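Observations on chain architecture
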Amino acid sequence: MKHAGEIEGKLIVLESIALVCVEDTLAHRNANAIAKLRENIERMVRERCHPLKLAPDDEVAAQQYALEFFDAVVDEVFRRRSQRPVRDLDP
């Protein structure tokens, strides 16, 4: 059985990676990138769940959880951006 600290640590790592990836995607102002990432996440979860022979409801629940997590990361990135001070671009 895993300890709460180990699980929390793994979640922090996953969240950190997700934040960096989404921040980088948004920094390049690729409007279609978020939609494409959502599609890829949904597909990847489905592909990884299939060999486990999960019940269809469990597979759908895993996809929904992944997308909710991703959407929360996107929201966090936008929240962080809105809190950053605007830098003066003139030298």
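The following refers to the structure shown.

What counts, and where the lines are drawn
- Residues numbered from 1 in each chain as written.
- Predicted model: local features only at pLDDT ≥ 70, side-chain atom pairs only at ≥ 80, totals over all residues.
- Heavy atoms only, no water.
- Helix = DSSP H or I, 4+ residues; strand = E, 2+ residues; numbered from the N terminus.
- Buried < 20%, exposed > 50% of the residue type's maximum accessible area, 1.4 Å probe, protein only.
- Contact = heavy atoms within 4.5 Å.
- Areas by Shrake-Rupley, 256 points an atom, 1.4 Å probe, with all protein chains shown as cover.

Regarding the overall build of the protein chain
- The number of helices and strands found in the protein chain is three helices and zero strands.
- Element order for the protein chain, N to C, with α for helix and β for strand: α-α-α.
- Considering the protein chain as a whole, with its 91 residues, one finds that 20% of them fall into the buried category.
- Here the contacts in the protein chain between residues at least 6 apart in sequence split such that 67% fall between residues at least 24 apart.
- Total accessible area on the protein chain stands at roughly 7,600 Å², and carbon and sulfur atoms take up 58% of it.

Here we look at unusual backbone geometry
- The residue Lys53 is not glycine, and still its phi comes out positive at about 55°.
- With respect to the element layout, Lys53 can be found in the loop between α2 (31-49) and α3 (56-83).
- The exposed category is assigned to Lys53, whose relative accessible area is 74%.

Focus on the side chain of Gln63
- Considering the arrangement of structural elements, one finds Gln63 in helix α3.
- Ignoring anything within four residues of it in the chain, the contact list for Gln63 reads Glu42, Val45 and Arg46.

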